[in-house]
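Summary of the model geometry
Here is how the chains run, residue by residue.
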Amino acid sequence: MSVFVCCLAGAVIMSEGQGVRVNDETSAVVRIVADGKATAVVVTADAPPPIVQYAAAELVRHVKKATGVTLPVAAESTVPEDYASRVFLGMTKAAGKQGLMTDKLPPEAFVIRSVGADLYIVGEEDGGDPLCPTNSKCGTLFGVYEFIETALGVRWLWPGELGTYVPRTKTIELPAVNRVVSPALRFRELAWHGMRKILDGGKMDQKDIRLGFSPEVARSYAEALSALLRRHRMGGMDAKPPTGHAFGGWWQRYGKEHPEWFMLRRDGGRGSTDPKARDVDICVTNEELQDFIVKQWDGKSVLRLGPVDRPGRCTCAACRAWDGPQPEKIPWFAKVVYETDPRAKDVFAGATSDRYARFWKTIQEKARKRNPDVLVSGSFIYENEFPAPVTGIKLNKGIYAEFVQWQDPHLRWFPMPEEAYAWVKAQWLGWQQTGLRMGYRPNYLHNGYVMPHVETRQSGDFFKFAHKHGMEGARFDSLTGQWAVHGLGLYMHLRLLNKPDLEIEEIRSEYFSAFGPAAGAVERYCDCWENYAVENVMPFLELFSTPFCGYRYRAYPLKAHKAYPIEVFAPAVKLLEEAVALARADPLPEYAERVEFLRVGLKHAQLTVQLAGIFDGKKNVPKDRLQEGTDSLAELVRFRKDHQQMYFSDLLWVTSFWERPAWNVDALAK
Ligand SMILES: [Zn+2]
């Protein structure tokens, strides 16, 4: 079998090469491997930077897995003669002679070009860390990944070897190619703070070590995760405009001297009755405050104007005059947004999007006197500013904000009720039509705990919709890393972040293909859980309506046994039994091993449900079930320890973020 690069689908084709003779004859072929023999040598500069060395190692590693052949790597001054093709990586003298200069390339972009039988993959480079998401001089590495993905058909499903699907072949050849490719989205990230801390040498709590990951496995998982994310071309984070709740802490700092700068409460007071309150809304129409905001700015950096991290806004007549009319009939799924958020009961609880949009524009006009190129970051389209403006206000490309569907539980998770979904889309469109720059910063990946919460269709559709309507980039909070139960959805998000033009069905097929003869059975398995999530949209919302530790999604261990009662697992268990039998028919063991990976995730979910049922929503297990609880926890921990090296779950996230706050497991110590 031979594999051809026909085109580099999905990524943006910036421009074709200019001033260079390009051989466009389709007969011109770069031969990498032919009939199980290396026909190409990988060539780097004599002293390649770390990113090129890493790119070469990644290329060699994946070609070896595909063909069994180890490609030689040579420095440019010592290239052996007896190879049909040379694959030049990064800035080499040869690339310079071909006119392949990187100084005109956009960040993270690369050129992939064949010249005769040779191939060049060239991007900007410096001495930076290949895996760092703010290192935008990574074009050569991204070019190599594009090649591996497109020419070899490699699919990176989850961290580690088993999650790397490399179709086997004896021959790798390419027709003529000449492309400049750069990422479709300027920044792309699934936030992964916890594991990044481990990579930076962070120590784990003994309680987490007892319940889940050992420190060694956490470390190796973090390394595999870091590699996976870069293989999916996560990055561009140096291009993301800064955001944040800019006025958090202002009440503590300025409230005493300038109470009039802060929100007017319904009781006639200003700001908060608590002088130490952190998140107190400002009175955006106060001109003295506006001038102060511009004065305290350094005149150079992005001017951040994100509202405080708490709903409820100033009730003064001037601020209210900037608001648009509130809807005559409040949608049933957006009541919290418009009126019932308990945290906004002393102040104005409705939509203040027009007010804040006007505030951002007002400050921009004032700030332009100091710096005409100022970029204003409104930070978040969130809470009271989530509904789109209704007064027809026009913003501009000097104002940036990120869309965060949140506040009302109906709008928060995927899947969501269809009516709510249509409304969320309308809010994106409404904001886009103001003309500001938009990013996407959702929280819904926090959903699901270690349960088989599968969701692809609505969230995938929304991501593509946002991309078509002005999304510059996306940063998800957070990657909880439950690969064996949420794997399909996570893979889809990684693929869309890199190639938002891919169709959802196409991405799903890629994922299923990694299960070989069990592809169809695994698809039925995933559909069984996605259908379950869709059928239970309303019960799930009801179940997780009460916040815990400040967040509703942290309540999951308290209710897991109600969301996923043990009896609902039986059909899914059967589907995976069928899948494993089908996969075993193939001589390649990896297909069955991948189904086993899913089975580990499912068994882990069942054991967790069993323990959750014993706690039954309480911090402590009842006295008469102490022994049962102790045994159940011991069984769960044993299972985790036995399987942690598969990376089926980011167990540190599970124990530190979800379980320890919810359950007093100390009482169950053996
Ligand atoms: Zn006001």
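All figures in this text were calculated on a predicted structure; none of them were measured in a lab.

A few words now on the overall build of the chain. A tally of regular secondary structure across the chain gives 22 helices and 19 strands. Once the C-alpha set of the chain is aligned to its principal axes, its extents read approximately 85 × 70 × 45 Å. The buried share of the chain, taken over its 670 residues, is 61%. Across the chain, contacts joining residues at least 24 apart in sequence account for 78% of those joining residues at least 6 apart. In the chain, which carries 84 positive and 82 negative side-chain charges, the distance between the mean positions of the two groups comes to 3 Å.

What the six strands build is an open sheet, ordered β14-β19-β18-β17-β16-β15; its pairing is parallel. Pairing within the sheet leaves two strands with one partner each, and these edge strands are β14 (187–190) and β15 (303–304). Sitting on the sheet, helix α12 (residues 418–432) is in contact with β16 (376–381), β17 (399–403), β18 (437–440) and β19 (471–476), with an inclination near 150° to β18.

Before going further, it helps to spend a moment on the pattern of salt bridges. If you walk through the whole model with that rule in mind, you get 45 salt bridges. With its nearest N and O atoms 2.9 Å apart, the salt bridge here joins Glu-149 to Lys-499. You can see Glu-149 sitting in helix α3 (residues 139–151) and its partner Lys-499 sitting in the loop between α14 (483–498) and α15 (504–513), a full 350 residues away along the chain. Each member of the pair, Glu-149 as well as Lys-499, is classed as buried. A salt bridge links Arg-660 to Asp-205; its shortest N-O distance comes to 4.0 Å. Residue Arg-660 is found in helix α22 (residues 651–662), and its partner Asp-205 is found in the loop between α4 (193–199) and α5 (206–211); the two are separated by 455 residues along the sequence.

The geometry of two aromatic rings is summed up by the distance between their centres and the angle between their planes. Scanning all chains against the criterion turns up 55 aromatic pairs. Judged by centre distance (5.8 Å) and plane angle (75°), the rings of Trp-250 and Phe-292 are edge-to-face. You can see Trp-250 sitting in helix α7 (residues 250–254) and its partner Phe-292 sitting in helix α8 (residues 287–296), a full 42 residues away along the chain. Take Trp-250: its relative accessible area is 5%, and that puts it in the buried class. Aromatic pair Phe-403 and Tyr-440: ring centres 6.4 Å apart, planes at 45°, arrangement tilted. Taken together, the positions of Phe-403 in strand β17 and Tyr-440 in strand β18 put the pair 37 residues apart, joining distant regions of the chain. Here the guanidinium or amino end of Arg-320 rests over the ring plane of Phe-348, the centre of that ring lying 3.9 Å away. Between Arg-412 and the ring centre of Trp-406, over which it is positioned, the NZ or CZ distance is 3.9 Å.

Here we take up the packing of helix α20 (residues 590–615) against helix α21 (residues 626–643). It is the contact of α20 with α21, at a shortest axis distance of 9 Å, that shows an interaxial angle of 160°. By the angle between their directions, the pair α20 and α21 is classed as roughly antiparallel. Taken as a pair, α20 and α21 cross one another with a handedness that is left-handed. Residues Val-600, Lys-603, His-604, Leu-607, Thr-608, Gln-610, Leu-611 and Ile-614 of α20 touch α21, and the partners they reach there are Glu-628, Gly-629, Ser-632, Leu-633, Glu-635, Leu-636, Phe-639, Arg-640 and His-643.

So, on to the confidence of the model for the chain. Overall, the prediction assigns the chain a mean pLDDT of 94, with 95% of residues at 70 or greater. Below pLDDT 50 for its whole length, residues 1–26 participates in 56 contacts with residues either more than four positions away or in separate chains.

Once that is clear, we can look at the pairing of β14. Of the two faces of β14, the one carrying Phe-187 and Glu-189 and the one carrying Arg-188 and Leu-190 are both buried. By the bridge criterion, four bridges tie β14 to β19 in an arrangement that is parallel. The residue of β19 that forms the bridge with Phe-187 is Gly-473.

Right, let's talk about the nonpolar core for a bit. The biggest cluster of nonpolar side chains holds 212 residues, and the ones touching the most others in it are Phe-147, Phe-359 and Tyr-440. The biggest single contributor to this core is α20, with 14 residues. In this structure, Tyr-440 is in contact with Phe-403, Gln-405, Phe-414, Trp-428, Phe-462, Phe-463, Met-471, Gly-473, Ala-474, Arg-475 and Phe-476, ignoring residues within four places of it in sequence. Counting residues in hydrophobic clusters, the runner-up holds 14 residues, among them Val-41, Val-79, Leu-105 and Ala-109.

Here we take up unusual backbone geometry. Cis rather than trans, the peptide bond between Phe-414 and Pro-415 has omega equal to -5°. Along the chain, Pro-415 falls in the loop between β17 and α12. Note the cis peptide between Asp-477 and Ser-478, where omega equals 5°. Inspection of the secondary structure puts Ser-478 in the loop between β19 and α14. Even without being glycine, Glu-108 reaches a positive phi, approximately 70°. Residue placement: Glu-108 occurs in the loop between α2 (93–97) and β8 (110–115). The phi dihedral of Tyr-647 falls on the positive side, at around 60°, and the residue is not glycine. As for its position among the elements, Tyr-647 is in the loop between α21 and α22.

This brings us to the packing of helix α19 (residues 570–584) against α20. It is the contact of α19 with α20, at a shortest axis distance of 8 Å, that shows an interaxial angle of 165°. With respect to α20, the element α19 is oriented roughly antiparallel. When you trace α19 past α20, the crossing you get is left-handed. Where α19 abuts α20, its residues Ala-572, Val-573, Leu-576, Glu-577, Ala-579, Val-580, Ala-583 and Arg-584 lie against Tyr-591, Ala-592, Val-595, Glu-596, Leu-598, Arg-599, Leu-602 and Gln-606. Here the residues of the contact of α19 with α20 are counted per class, giving eleven nonpolar, one polar and four charged.

What follows concerns the side chain of Ser-377. Along the chain, the position of Ser-377 falls in strand β16. Ignoring any residue separated from it by four or fewer positions in sequence, one finds Ser-377 in contact with Pro-242, Thr-243, Val-302, Leu-303, Arg-304, Leu-305, Gly-306 and Tyr-400.

All right, on to helix α11 (residues 353–368) then. One full turn of an α-helix is made of 3.6 residues, so residues set three or four places apart face in the same direction. A rise of 1.5 Å per residue sets the reference length of α11, with its 16 residues, at 22 Å; its end C-alpha atoms lie 22 Å apart and thus fit the reference within 8%. Within α11, twelve of the 16 residues are buried, which leaves the element mostly enclosed by the surrounding structure. For α11, the secondary structure elements touched by its buried residues are α8, β15, α9 (317–322), β16, β17 and α12.

Definitions and limits used
Residues numbered from 1 in each chain as written. Predicted model: local features only at pLDDT ≥ 70, side-chain atom pairs only at ≥ 80, totals over all residues. Heavy atoms only, no water. Helix = DSSP H or I, 4+ residues; strand = E, 2+ residues; numbered from the N terminus. Buried < 20%, exposed > 50% of the residue type's maximum accessible area, 1.4 Å probe, protein only. Contact = heavy atoms within 4.5 Å. Lys, Arg positive; Asp, Glu negative; His and termini not counted. Charge placed at Lys NZ, Arg CZ, Asp CG, Glu CD. Pairing = 2+ DSSP bridges. Axes fitted to C-alpha atoms, helices over the stretch in contact; angles between N-to-C directions. Salt bridge = Lys/Arg side-chain N within 4 Å of Asp/Glu carboxyl O. Phe/Tyr/Trp six-rings, centres within 6.5 Å; stacked < 30°, edge-to-face > 60°. Lys NZ or Arg CZ within 6 Å of the ring centre and 35° of its normal. Parallel < 35°, antiparallel > 145°, perpendicular 65-115°, else oblique. Left-handed = near helix turned anticlockwise from the far one by under 90°. pLDDT = per-residue confidence, 0-100. Core = buried A, V, L, I, M, F, W, Y, C linked by side-chain atoms within 4.5 Å. Nonpolar A, V, L, I, M, F, W, Y, C, P; charged D, E, K, R; others polar. Expected span 1.5 Å × (residues − 1).

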